[in-house]
Each structure stands twice: as C-alpha cells, then as structure tokens.
Amino acid sequence: MSAHAAAGSPDGAHGRRRLGIRSGAAGSVDEHLLQTVRESVLSEAGPVTPSRVAAAVQATGRMLGTAGALAAVDSISAELTGLGPLQALARDPAVTDIFVNGPDSVWLDRGDGPEKVPVFFSGEPQIRALAARLVAAGGRRLDDGSPCVDVRLDGGYRVHAVLPPISTTGTLLSVRIRREKVFTMLELRQIGMFGTLIENVLERMIDRRMGFLISGATGSGKTTLLATLLGLCHPAERLVLIEDASELNPVHPHVVSLETRHGNLEGSGVVDLGELVRQALRMRPDRLVVGECRGAEVRELLTAMNTGHTGGGATIHANTAAAVPARLTALGALAGMAQDAVRLQVASALDTVVHVGRTGNRRYVACIGVLEDVEGGLAVTVALEAAVGAAGGVRCGPAWPRLAHRLGLDPGAAGAPA
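In this text the structure is predicted, and so the values were computed from the model without any measurement.

The rules behind each value
Residues numbered from 1 in each chain as written. Predicted model: local features only at pLDDT ≥ 70, side-chain atom pairs only at ≥ 80, totals over all residues. Heavy atoms only, no water. Salt bridge = Lys/Arg side-chain N within 4 Å of Asp/Glu carboxyl O. Buried < 20%, exposed > 50% of the residue type's maximum accessible area, 1.4 Å probe, protein only. Helix = DSSP H or I, 4+ residues; strand = E, 2+ residues; numbered from the N terminus. Axes fitted to C-alpha atoms, helices over the stretch in contact; angles between N-to-C directions. Parallel < 35°, antiparallel > 145°, perpendicular 65-115°, else oblique. Left-handed = near helix turned anticlockwise from the far one by under 90°. Contact = heavy atoms within 4.5 Å. Nonpolar A, V, L, I, M, F, W, Y, C, P; charged D, E, K, R; others polar. pLDDT = per-residue confidence, 0-100. Pairing = 2+ DSSP bridges.

**Q** Is there a simple way to think about the pattern of salt bridges in this case?
**A** Opposite charge on two side chains permits them to pair, given that their charged atoms come into close proximity. The final tally for this structure, using the stated rule, is 26 salt bridges. Residue E187 is joined to K181 by a salt bridge in which the shortest nitrogen-to-oxygen separation is 3.3 Å. Residue E187 is classed as partly exposed on the basis of its relative accessible area of 27%. Assessed through its relative accessible area of 49%, K181 is described here as partly exposed. As a salt-bridge pair, R278 and E300 come within 2.8 Å of each other at their nearest N and O atoms. With a gap of 22 residues between them, R278 in helix 11 (residues 273-280) and E300 in helix 12 (residues 297-305) connect regions that are remote in the sequence. Of the residues examined, E300 reaches a relative accessible area of 11% and is grouped as buried. One continuous salt-bridge network, built from bridges that share partners, spans D97, D150, R158, R176, D244, E247, E292 and R294.

**Q** Sorry, what's going on with the packing of helix 11 against helix 12 here?
**A** When two helices pack together, their arrangement is given by the angle between the helix axes and by the axis-to-axis distance. Where helix 11 contacts helix 12, the axes come no closer than 7 Å and their chain directions differ by 20°. One way to sum up the angle between helix 11 and helix 12 is to call them roughly parallel. The interaxial crossing formed by helix 11 with helix 12 has left-handed handedness. The segment helix 11 lies against helix 12, with L273, G274, V277 and R278 engaging E297, E300 and L301. Per-class residue counts for the contact of helix 11 with helix 12 are three nonpolar, one polar and three charged.

**Q** Looking at this structure, I do not really get the confidence of the model for the protein. What am I missing?
**A** The predicted structure's coordinates, where accompanied by low pLDDT, should not be read in detail. Residues at a pLDDT of 70 or more form 81% of the protein, whose mean pLDDT is 82. Per-element mean pLDDT across the protein ranges from 33 in helix 2 (residues 12-19) up to 96 in strand 1 (residues 97-102). Note on residues 1-28: pLDDT under 50 across the span, and 58 contacts to partners over four residues away in sequence or across chains.

**Q** Would you explain helix 12 in this entry?
**A** Quick reminder: α-helices carry 3.6 residues per turn. Residues three or four places apart thus point the same way. Helix 12 sits mainly inside the fold: seven of its nine residues count as buried. Among all positions of helix 12, only E297, V298, E300, L301, L302, A304 and M305 are buried. Those residues of helix 12 that are buried are in contact with helix 11, strand 10 (287-290), strand 11 (313-317), helix 13 (324-334) and helix 14 (339-349).

**Q** In this structure, what is going on with the sheet that holds strand 1? I would like to understand it.
**A** Adjacent strands of a sheet form backbone hydrogen bonds with each other and so pair up, either parallel or antiparallel. Strand order in this open sheet of six strands is 3-2-1-6-5-4, and the pairing throughout is antiparallel. Of all the strands in the sheet, the pair left with one neighbour each is strand 3 (114-117) and strand 4 (148-153). When the angles between neighbouring strand axes are averaged without regard to direction, this sheet yields 20°. Across the face of the sheet, helix 7 (residues 124-137) comes into contact with strand 1, strand 4, strand 5 (157-162) and strand 6 (172-177) while running at roughly 60° to strand 4.

**Q** Explain the sheet that holds strand 9 (residues 255-259) to me, please; I cannot follow it from the model alone.
**A** Strand order in the open sheet made by the nine strands is 9-8-10-11-7-12-13-14-15, with mixed pairing throughout. Each edge of the open sheet is held by one strand with a lone partner, namely strand 9 and strand 15 (394-396). Pairwise comparison of adjacent strand axes, ignoring direction, gives a mean angle of 25° for this sheet. Where strand 10 and strand 11 come together, two bridges link them in parallel fashion. Bridge pairing in strand 11 links V289 to G313.

Following this line, the structure appears as structure tokens:
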C-alpha cells in the first residue's frame, strides 16, 4: 500500500503525524526513524526487501498503527532503493518526467506540461543525498569533481543531476520515466497525432524503406512516433537500435538494442554513439536506427545509410522541418565533415523529414517534408502540413506530387481533411 492509500484510512492521519509526514509530502518520514531503519537494514548482507524494512520498522518499537506502519515501510523502501519522496509520483502511469528544483519546488509532467505538486524535501541535503544515491546506483559518481551526471537505472528511470555551484539554486534533479506502452498507429490517430492521410504516408514510407528523420523539440513525441513506426517493419527484418539511453521499445520480434557507456570513475571505458554505429554495421542490420542523432555520430549514420542499409532513421532536435539541414550541417562539422560532404551524404541517404509539434497537451505531426539537394545547398520542401484549426486536416506543399508518386498515392488526396 502506498502512503497516499494509508493517508486515506482511519488511522492514516495519526500515523502520518507520528511519522513526521508533511501534508502532501508523498510519504516522507522523520529523519530519526529513517536513520534507525536504514542502519538496521544495511547492517546485514542481502537485498533490501519490503519484508526486511517492515521487520526493521517493527523492531523500533514505534506505535504507528497499521496504516502508519505501512506508510513507513512504503516511504523507507523508497528512500533506500527507490526515488525517495518522488516514488509515489512515479507510480502514476501518466507521469513521464519529474523535476526537483528545490526542497519545496517539485514538478511533474503528465503530458500537459510541467505542473507543480505538493511534494517536499526536508532541505537541500536530502535532495543531494537522493541524487548521489541514484547516480551511484547507475555506476557513476556525483560530487564536486563530477557535478553534472546522467544515468539510466533499472525500472526505466533516466536520472540527471546537477550540483552547486553549476546550479545556482541548489541540487537539481530530473527523472525521465520510460513507459512500456507502445502506441499503435490507430491509437496515435485517435489521440489526434495525425489523420488518415498522414497515417497512410507514414506506413508507406516504412514499407518502401525510405530513409527518414523525425524532428521536433524536447517532449514533442519524437521517440513515441519512432517506436510506433518501427513496429510497422516486416517481422523478418532485423532492427538494430542505437541510443544514448534506452527508450525505444518497438513491438517487433527481432530487435537488438545497443546503449552508450559512460566512462568509469577514472574516465576510461567510454563507448559513444559513433562507436556503436560502427559496431552495429557488423551485426547485419536490415534497418539501423539511432534514437537521437545529436553529435559526431551523424557521420557514421550517414555512411551506413549510404552503403546499402536503407530504411533507417533517427530523431533529431529542430524547431522546424526547414531547420533540419542547418542542424545536420552543424552536426557534420562536429564530425569533421565539410559542408559539401554533408550535403552529398544527406541527399543520398535521407528521403523525408517528419516534424512533430506540441501545442498544450496535444502532440501532432506538423509537417512531412522531402529532403532535397537544391541550388544553394540542402533544403526541406514541404509535402504535407497540418492545417491550422482543423484537427486531422492537411494541406499540400510543393513536394507533395513527388512524394505521392514515390509512395504510389493519388496527389489529389491531400486536398481534403485526412
């Protein structure tokens, strides 16, 4: 039972007062009880389990009542092995991100943008202790010598922490939660991500093995859409996914996932995205996919897609589809590629850009464009774009006839709402 459930029972309020739980604190307990139970549990070898925590709480002799004892076990287990005061928030299946900006400034995102929640820490030391423990659980170190750290934890958590003085307001903690649910194309259409015409275009892009990029801002739904599209690949195809932190989980029978590795405490042992792309080429992928292309790995990705590995793709951060060529040129420069080299490689490897946007709590495909090598360099020419004020409606752009021809669609179909 969670602390919220305990608070709703007859003796939940009394138990909460005895534990020193602040109203809305998501199950925080007083430091003395926590320290006592922590010392008791950690004094013995073996995994920290709820039953061991319950026995340690009972051994303290504190008269907590049934609900109070359950709340204590729940909260202390979270403090020792979970997300501490944030654990109850993570249980909400709608929550994708949690942000801690200070002891009394905790926010979450359920899909409608950040919202402040009544969860509190006792002070800056508690936030720093939680951040250090989570980072240590991910095999890295958070201290003055390494004040900014990103780790992935079991359970689908991706944790990022920043210490002062890099952070001017105290320890900052961000938790991204990977949800196991993968949407179908029908479900994405039903929630308004696209209409039937764009759905048809996306499905044919995959079927015809077109190289693609999914662009958009943070939180716009790039990874969600990519995972769904990969589920459309033929079951006999071997998909090799390369990510900085594993988030893609397509519904497909033959998926191999590779994840980067940060250096150890001495800074050695780094395996970056570029190296993973090179290794993936030796694994005979039918489709090579980079979860997020944001650095020098763009060179290896473009090289791979120009050597017979068609139908691959990646996500990329960009404000608009038209901004993608400049973004690719900048990433290519990081890899030591000349502008002309980037232009030639991209024009040969990639066919389309799918740009996703977010307005309030709605995520949607804002534009599908065709990557072209034109006079003056690379450009993305609009084929379809979402019609303003018409959910599911689209309007055609200059590149629509060419894209429709490649996909075997009627160019006149874009004239009506999809």
